[in-house]
Amino acid sequence: MTEGGTTARSDLWGGAAWTGFGLLILGESLRMDRYEAMGAVLYTMPGFVPGMLGSVVALLGLVLMLRGWRRKLRETASGEDAVGVFNRRIAITMALSLVYAGLLIGRAPFWLVTALFVTAFVASFAPDDQPLARRATVSVLAGVLTSAVVTLVFQYVFLVRLP
């Protein structure tokens, strides 16, 4: 293990996954209706923002893969052993994300579900040496503030109705 507990192998696989996910978002955004018959221009088309975000995700995935590839070359040269890709942190991230997106969104108010998700996520990955009271306070504060900002921005700036 090197640099913050990540491995070259996890960077390569993670980067490949993020690149694929970004390209999927970009591809789907290009398939969205463009409303050209209604006079829509590039910046007002529904797929513009998701397309830009998908492009950025794909680009950052490529950067992560490049980092992993460079680290893999260094590990090979130094003779270090690779560590498995799947670990406790990935399992927690996957579980929380699947519960959030698969089970809770649409079944409870968005602001509540998002606050709970962010709180659980921050609490799960807070440093172990932090006092419990500080960890709980920071987690709840992050969850509530994130939920409030995301809800307000999407409803009043982007005019998107949330579930």
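Residues numbered from 1 in each chain as written. Predicted model: local features only at pLDDT ≥ 70, side-chain atom pairs only at ≥ 80, totals over all residues. Heavy atoms only, no water.

Engineer: Run through the environment of Ala8, naming residues and quoting values.
Structural biologist: As for its placement among the helices and strands, Ala8 is situated in helix H1 (residues 8–31). Sequence separation between Ala8 and Arg67 is 59 residues; the distance between their C-alpha atoms is 7.6 Å. What Ala8 contacts, discounting residues up to four positions off in sequence, is Gly68, Arg71, Lys72 and Glu75. (Helix = DSSP H or I, 4+ residues; strand = E, 2+ residues; numbered from the N terminus. Contact = heavy atoms within 4.5 Å.)

Engineer: Let's hear about the pattern of salt bridges: which residues, and what values?
Structural biologist: Scanning all chains against the criterion turns up three salt bridges. Notably, a salt bridge pairs Arg71 with Asp11, separated by 2.6 Å at the nearest N-O pair. One end of the pair, Arg71, is in helix H2 (residues 48–78); the other, Asp11, is in helix H1, and 60 residues separate them in sequence. There is no split in this pair, since Arg71 and Asp11 are both buried. Between Arg31 and Glu28 there is a salt bridge; the shortest N-O distance is 3.4 Å. Of the two residues, Arg31 and Glu28 are both situated in helix H1; the distance of three residues between them amounts to about one turn of the helix. (Salt bridge = Lys/Arg side-chain N within 4 Å of Asp/Glu carboxyl O. Buried < 20%, exposed > 50% of the residue type's maximum accessible area, 1.4 Å probe, protein only.)

Engineer: Would you mind going over the packing of helix H3 (residues 88–104) against helix H4 (residues 110–125) in detail, with residue names and values included?
Structural biologist: Where H3 contacts H4, the two axes come as close as 11 Å, and the packing angle between them is 175°. Viewed along their axes, H3 and H4 adopt a mutual orientation that is roughly antiparallel. On the side of H3, the interface is formed by Arg89, Ile92, Thr93, Leu96, Ser97, Tyr100 and Leu104, while H4 contributes Phe110, Val113, Thr114, Phe117, Ala120, Phe121, Ser124 and Phe125. (Axes fitted to C-alpha atoms, helices over the stretch in contact; angles between N-to-C directions. Parallel < 35°, antiparallel > 145°, perpendicular 65-115°, else oblique.)

Engineer: Account for H1, naming residues and giving values.
Structural biologist: Taking 1.5 Å of rise per residue, the 24 residues of H1 would be expected to cover 34 Å, and the 35 Å separating its terminal C-alpha atoms lies within 8% of that figure. Taken together, the buried positions of H1 are occupied by Ala8, Ser10, Asp11, Gly14, Gly15, Thr19, Gly22 and Ser29. (Expected span 1.5 Å × (residues − 1).)

Engineer: Describe helix H5 (residues 132–157), listing the residues and the values that go with them.
Structural biologist: With 26 residues, H5 extends 36 Å from end C-alpha to end C-alpha; this agrees with the ideal 38 Å at 1.5 Å per step. Among all positions of H5, only Arg135, Ser139, Gly143, Ser147 and Thr151 are buried. For H5, the secondary structure elements touched by its buried residues are H4. At the exit of H5 stands Leu159, carrying a positive phi of roughly 55°.

Engineer: Give me a nonpolar patch on the surface: which residues, what numbers.
Structural biologist: Taken together, the side chains of Val56, Leu59, Leu60, Leu62 and Val63 present a nonpolar region at the surface, about 470 Å² in accessible area. Its place among the elements puts Val63 in helix H2. On the accessibility criterion, Val63 (48% relative accessible area) is partly exposed. (Patch = residues over 30% accessible without salt bridge, like charges linked within 9 Å, V, L, I, M, F, W, Y side chains within 5 Å. Areas by Shrake-Rupley, 256 points an atom, 1.4 Å probe, with all protein chains shown as cover.)

Engineer: Tell me about the nonpolar core, residues and numbers included.
Structural biologist: The biggest cluster of nonpolar side chains holds six residues, and these are Leu96, Tyr100, Phe110, Val113, Phe117 and Val118. Elements with a minimum of two residues in this core: H3 and H4. The leading source of residues in this core is H4, at four residues. Non-local contacts of Phe117, meaning those with residues more than four positions away in its chain, are made with Leu96, Ser97 and Tyr100. (Core = buried A, V, L, I, M, F, W, Y, C linked by side-chain atoms within 4.5 Å.)

Engineer: Hey, could you go over the packing of H4 against H5 for me, with residue numbers and the actual values?
Structural biologist: As a packed pair, H4 and H5 sit with axes 7 Å apart at the nearest point and diverge in direction by 145°. In the crossing of H4 with H5, the sense of the turn from one axis to the other is right-handed. Here Phe110, Trp111, Leu112, Thr114, Ala115, Val118, Thr119, Val122 and Ala123 of H4 lie close against H5, whose contacting residues are Arg135, Val138, Ser139, Val140, Ala142, Gly143, Val144, Thr146, Ser147, Val150 and Thr151. When grouped by side-chain class, the residues that make up the contact of H4 with H5 number 12 nonpolar, seven polar and one charged. (Left-handed = near helix turned anticlockwise from the far one by under 90°. Nonpolar A, V, L, I, M, F, W, Y, C, P; charged D, E, K, R; others polar.)

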